[in-house]
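Each chain, written out:
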2 protein chains.
Amino acid sequence: MAREINVGILGLGTVGTGVAKILLNEQALLTARTGMSFRLKSVADLDWDRERGVDFDGVYTTTDINEVLNDPEIDIVVETIGGCEPAFTFVQQALGNRKHVVTANKALIATRGKELFTQAEANGVDLMFEASVGGGIPIIKGLREGLIANKFLSIYGIINGTSNYILTKMHQDGIDFSQALKEAQIKGFAEADPTLDVSGGDAAHKLTILASLASGGMVDFNSIPVEGITNLTTMDVNFAKNFGYVVKLLAICRFFGEKLDLRVHPTLIPREHLLAAVNDELNAVFVTGNYVGDTMFYGPGAGETPTASAIVSDIVDLSKDLTLKNGEQFSNRTVNPEQVAGLMPLEEISNRFYLRIYSLDKTGILASIAGVLGECGISISSVVQLETHGEKEFVPIVLLTHEAPEKAMNKAIEEIAAFDFVRSDILRLRLF
Amino acid sequence: MAREINVGILGLGTVGTGVAKILLNEQALLTARTGMSFRLKSVADLDWDRERGVDFDGVYTTTDINEVLNDPEIDIVVETIGGCEPAFTFVQQALGNRKHVVTANKALIATRGKELFTQAEANGVDLMFEASVGGGIPIIKGLREGLIANKFLSIYGIINGTSNYILTKMHQDGIDFSQALKEAQIKGFAEADPTLDVSGGDAAHKLTILASLASGGMVDFNSIPVEGITNLTTMDVNFAKNFGYVVKLLAICRFFGEKLDLRVHPTLIPREHLLAAVNDELNAVFVTGNYVGDTMFYGPGAGETPTASAIVSDIVDLSKDLTLKNGEQFSNRTVNPEQVAGLMPLEEISNRFYLRIYSLDKTGILASIAGVLGECGISISSVVQLETHGEKEFVPIVLLTHEAPEKAMNKAIEEIAAFDFVRSDILRLRLF
């Protein structure tokens, strides 16, 4: 007889509902593929009035989360509440009760992962989080199992669907940020409050997780330099396009020996690069390992069933824990919470830059700007200055530079912004 | 103390050498990540004169393969000989001796997998083959673990690096097949005898494996319709380009209920599709699951260290078998050799087509050809006929059609080829 695995779900929002559907509808498939029987035993949520299109016959439904957390029969707890609290408290309680936990909660793992992994380890259980990055894409498994032989050299991720949808529309349809955002909201690719997505915060949560896995230690979420896409105009996207680039919100993890270069910011990607072809709400993670070389994992970064697909794969993996000899653990499942990877300060990184400067049209402006860049050791690779139609109108000057240190560029921008013919809102983007 | 896993390698060609290098050079990394210690205990190869850049100090090296196969200390045998025999006999012997086996040998799995999986099952050991498809890309793991919750709807693979390199050069540089092949051979992306690659046979081996995993049963390699890329001219590639397509050798697996549509043939892919951006010797597998939606796995499909990276991930996964309770097995590791998936006959499939017809330039030719297509129920979506510069010169007429059954197209081609003004070498390609 198939071993029975009892699963409890905390939180029946979009993702929790997706997990319930798969567990209830795909019992035969999962048993055929695994030899185990997965039973959705109980679900806790405060709201049972909402219609979710799921028949919970035979499932214990409750508003009291403790009925799941303290049920000795439950083997695996799925946390699909989201946010840091109360999710953190519940996950901690589940691990304390020696239950394996699966979560899609990137904020939780990125900011409280260290405590949770330590607690899981102490209790001999696992905390799994495949759905926390890249939704349905098996990127976590890819990094720590499929590519286990590799030292990672770099990871570049388009890992925020909302931003990618907005940037795709700005690039393809020439519409502006707010219009693209509105479209994303109508299509369900952006939340009513999209701040975390368009500010880069969500991508930074996910980058924290990827970088922790790749470095084998925990990365401090708060140390990651983050820029969102809210300052980008359609004009910038079009200038980039004319230069042969596509602008993407990129999460970057590069290794310099033991140090990590971590950043989230809009990035100009050459249009021939595979990442430039990742459009709409789709996600992709481009991973380079010392043995495997360049790989890319692509797919839906969010949504009910893609995210649930990832959570169910974690549930299946956890079910294997129950086939282990006493005292054995899957040791490559967690990062080492004791080991903290050091970050390269952004100032020390070199990049190629895109600069957009609004200036009055006076004689010698370009010479002045170029002069500052030259003094700072920054050489220009391309320039576009548009004509003005009035003496008091600011016109955009757009520059691409060769590689230069951030420190030098900071100084140059400060000096250029000090010119009385230049507006203070200089936009700096970085090239891939 | 870390549990010690003893590994033996059969065959020290490119891939075997890569595995040896990783096992010897990355002991600390692998132990840190897994808690296990991986020891390359012995290596069998007939040729020990060749310099491989590996220091085999402390490794038992032999020309007698039985010294590996019959060594009771060896836990895992890596087969990197290639081809069906003697690899089949050796793998069978290893499984019979209750050793886990890892292989990169797609021909072996595709043509003898059924026997080998049955034997592995009977002996309570596993046969792993991540490296057999897509080289370093963790696509096997992705399909059977990461996407385990999904019914698969379709799989499209660019899974032969040699062909993809040749087609990329034909497309980008406008050179012809033989010149591109020569370049591929110089760069090491094509064998001295490239027949298996350019004929589609290698891709069909890999498709057999992907389709078996996706269907949960064994697929009969010999039933797969296969066309290679040898009939493609630069002209065809250019016509496709002008129509907005990129020609790729595509391995196709589509599900129609319980039936499978399996094919390998050159395919016109719209240039906006992500698969069209998979260039040079790189591979990609585009997988659609009912829950996850569209995903893609991209990376190097061959080469010493990418392939070795995949083999080492299998070795690590197999090491977990040793932590299982007595009698437990990882049941989602193998396909069900008893279950045989049925194939849709190619005749019953509908496709959009590209037709290239050489004809003499006479009045009414196009009307005659279009007439035949119309009678067969095939409607034309696009046509190009080039001017002739001499009455006895054959000129190409290229057509794109709307979707039509293969059966209808077979009939149409037969009738068109029967015209006395048409050359017999009509080329039929299919659209994605």
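Numbers given for residues are sequential positions, taken from 1 along each chain in its written order. The order in which chains are written sets their letters, starting at A; the order in which ligands are written sets their numbers, starting at 1. It should be noted that, the model being predicted, local features are given only for residues of pLDDT at least 70 and side-chain atom pairs only at 80 or more, the latter also being counted only at that level, while totals for whole chains, interfaces and linings use all residues.

Here the focus is the overall build of chain A. Strands here are runs of E lasting at least two residues and helices are runs of H or I lasting at least four, both read from the DSSP assignment and numbered beginning at the N terminus. Scanning chain A from N- to C-terminus turns up 14 helices and 19 strands. Relative to a compact globule of 432 residues, whose C-alpha radius of gyration would be 22 Å, chain A shows 24 Å and is just as compact. Looking at chain A as a whole, 51% of its 432 residues are labelled buried. Placing a C-beta atom from the backbone of each residue, one calls two residues in contact when those atoms lie within 7 Å. Partitioning the contacts of chain A with sequence separation of at least 6, the portion at a separation of at least 24 is 74%. Radius of gyration means the value over C-alpha atoms here, while the globule rule gives 2.2 Å times the residue count to the 0.38 power. Buried residues are those with 20 or more other C-beta atoms within 10 Å of their own C-beta, exposed residues have 12 or fewer, and partly exposed residues lie in between; C-beta atoms are placed from the backbone.

Attention now goes to helix α12 (residues 304-319) of chain B. Every helix has an expected span of 1.5 Å times one less than the residues it contains. Under the 1.5 Å per step criterion, the end-to-end length of α12 of chain B is 22 Å for 16 residues, consistent within 8% with the ideal 22 Å. Burial of α12 of chain B is extensive: 15 of the 16 residues sit out of reach of the surface.

A few words on the environment of glycine 82 of chain B. Examined against the element boundaries, glycine 82 of chain B turns out to sit in the loop between β4 (76-79) and α4 (87-96). On a C-alpha basis, the gap between glycine 82 of chain B and proline 405 of chain B in space is 38 Å, while along the polypeptide they are 323 residues apart.

The nonpolar core criterion groups buried Ala, Val, Leu, Ile, Met, Phe, Trp, Tyr and Cys residues into a set whenever they are joined through C-beta atoms within 7 Å. Core analysis: the largest hydrophobic core is formed by 278 residues, its most contacted members being Val285 of chain A together with Val285 of chain B. Discounting residues that sit within four places of it in the chain, valine 285 of chain A has contacts with Gly134, Ile137, Ile139, Ile155, Gly157, Ile159, Leu210, Met296 and Phe297 of chain A.

What follows deals with the packing of helix α5 (residues 106-123) of chain A against helix α10 (residues 201-215) of chain A. All names here are of chain A. In this analysis an axis means a line fitted to C-alpha atoms, helices contributing only their contacting stretch, and an angle means the value between N-to-C directions, from 0 to 180 degrees. Closest axis-to-axis distance for the α5/α10 pair is 8 Å, and the angle between their directions is 55 degrees. Between α5 and α10, the interaxial angle falls into the category oblique. Handedness of the crossing formed by α5 with α10: left-handed. Between α5 and α10, the residues in contact are Lys106, Ala107, Ile109, Ala110 and Gly113 and Asp202, His205, Lys206, Thr208, Ile209 and Ser212, respectively. All residues other than Ala, Val, Leu, Ile, Met, Phe, Trp, Tyr, Cys, Pro, Asp, Glu, Lys and Arg, Gly among them, are scored as polar; the first ten of these are nonpolar and the last four charged. Of the residues contributing to the contact of α5 with α10, the split by class is 4 nonpolar, 4 polar and 3 charged. Convention used here: angles under 35 degrees read as roughly parallel, angles over 145 as roughly antiparallel, angles from 65 to 115 as roughly perpendicular, and any remaining angle as oblique. For a crossing to be left-handed, the near helix must be turned anticlockwise from the far one by less than a right angle; the clockwise case is right-handed.

All names here are of chain A. For two strands to be treated as a pair, DSSP must find at least two bridges joining them. One open sheet holds the 6 strands; their spatial order is β3-β2-β1-β4-β5-β6, and the pairing between them is parallel. What marks the edges here is a single partner per strand, and that holds for β3 (60-62) and β6 (127-128). Two strands pair when backbone bridges link them, and strand β1 (residues 3-10) and strand β2 (residues 36-44) are joined in this way by 8 bridges, in the parallel orientation. Its bridge partner being in β2, glycine 8 is matched across the sheet by serine 42.

Let us now look at the sheet that holds strand β3 (residues 60-62) of chain B. Residues and elements named next belong to chain B. Across the sheet, 6 strands lie side by side as β3-β2-β1-β4-β5-β6; this open sheet has parallel pairing. On the outer flanks of this sheet lie β3 and β6 (127-128), each paired with one strand and no other. Pairing analysis gives 3 bridges linking strand β2 (residues 36-44) to β3, with the strands arranged parallel. Bridged to alanine 44 within β3 is threonine 62.

The next point concerns the interface of chain B and chain A. Residue-level contacts link 49 residues of chain B with 49 residues of chain A. Secondary-structure elements contributing two or more residues to the side of chain B that touches chain A are α2 (27-34), α6 (139-146), β12 (293-300) and α12 of chain B. Taken together, the residues of the side of chain B that touches chain A break down into 22 nonpolar, 17 polar and 10 charged.

Next up on the list: the domain arrangement of chain A. The extent of an interface is frequently quoted as the accessible surface area lost upon association of the parts. Residue and element names in this part refer to chain A. In terms of domain boundaries, chain A breaks down into domain 1 (3-128 + 304-330), domain 2 (139-301) and domain 3 (347-431). Inter-centroid distance (C-alpha atoms) of domain 1 to domain 2 is 28 Å. Every contact between the two is made by 8 residues of domain 1 and, on the other side, 10 residues of domain 2. Tallying contributions element by element places α5 first for the side of domain 1 that touches domain 2, with 7 residues. All the domain ranges listed were derived from an automatic or database domain assignment.

Our focus in this paragraph is the relation of the copies chain B and chain A. In this comparison the copies share one frame, found by least squares on the C-alpha atoms of residues holding pLDDT of at least 70 in both. It takes a turn of 180 degrees to lay chain B on chain A, together with a shift of 0.0 Å along the axis; the resulting RMSD is 0.0 Å. Given the turn and translation reported, the copies of this chain are related as if by a two-fold rotation axis.

Now for unusual backbone geometry. Residues glutamate 85 of chain A and proline 86 of chain A are joined by a peptide bond in cis, for which omega reads 5 degrees. Its location among the elements puts proline 86 of chain A in the loop between β4 (76-79) and α4 (87-96). Of note, arginine 98 of chain A is a non-glycine position whose phi angle comes to about 60 degrees, a positive value. Within the secondary structure, arginine 98 of chain A sits in the loop between α4 and β5 (100-103). Positive phi is not limited to glycine here, since aspartate 280 of chain B has a value of about 55 degrees. Relative to the assigned elements, aspartate 280 of chain B resides in the loop between β10 (259-270) and β11 (282-289). Owing to 15 C-beta atoms within 10 Å, aspartate 280 of chain B belongs among the partly exposed residues under this scheme.

Before going further, it helps to examine the confidence of the model for chain A. With 99% of its residues at a pLDDT of 70 or more, chain A has an overall mean of 94. Both scores are given for the predicted complex: the pTM is 0.96, the ipTM 0.95. Per residue, pLDDT measures the predictor's confidence, with a range of 0 to 100.

Turning next to helix α5 (residues 106-123) of chain B. Residues and elements named next belong to chain B. The end-to-end C-alpha separation of α5 is 22 Å, well short of the 26 Å expected for 18 residues at 1.5 Å each. In the structure, α5 departs most strongly from a straight axis at arginine 112, where the bend amounts to approximately 85 degrees. Looking at α5, one finds that the buried residues are Lys106, Ala107, Leu108, Ile109, Ala110, Gly113, Leu116, Phe117 and Ala120. Those residues of α5 that are buried are in contact with α4, β5 (100-103), β6, α10 (201-215), β8 (217-218) and β13 (336-340). Positive backbone phi, approximately 70 degrees, marks glycine 124, located one or two places after α5. Here the bend at a residue is taken as the angle between two axes, fitted respectively to the seven residues that end there and the seven that start there.

Residues and elements named next belong to chain B. Counted residue by residue, β11 has 7 buried out of 8 residues, so it is predominantly covered. Of the pairings in the sheet, the one linking strand β7 (residues 152-158) to β11 comprises 6 bridges and is antiparallel in character. Its bridge partner lying in β11, isoleucine 158 is registered against alanine 284. Alignment of β11 against β12, held across 8 bridges, turns out to be antiparallel. Bridge pairing in β12 places asparagine 283 opposite glycine 299. Here β11 hands over to β12 after 3 residues, the two strands then running antiparallel side by side.

All names here are of chain B. Positionally, isoleucine 166 belongs in helix α7 (residues 161-173). Linking isoleucine 166 and asparagine 279, residues 113 residues apart in sequence, is a C-alpha distance of 9.6 Å. Residues contacting isoleucine 166, with those up to four places away along its chain left out, are Phe177, Ala180, Leu181, Ala184 and Ile229.

This brings us to the environment of valine 264 of chain A. Residues and elements named next belong to chain A. Tracing the sequence through the fold places valine 264 in strand β10 (residues 259-270). Each C-alpha atom of the pair valine 264 and methionine 170 lies 19 Å from the other, and the pair is 94 residues apart in sequence. Discounting residues that sit within four places of it in the chain, valine 264 has contacts with Gly200, Ala203, Ala204, Leu207, Ile224, Val226, Glu227 and Ala251.

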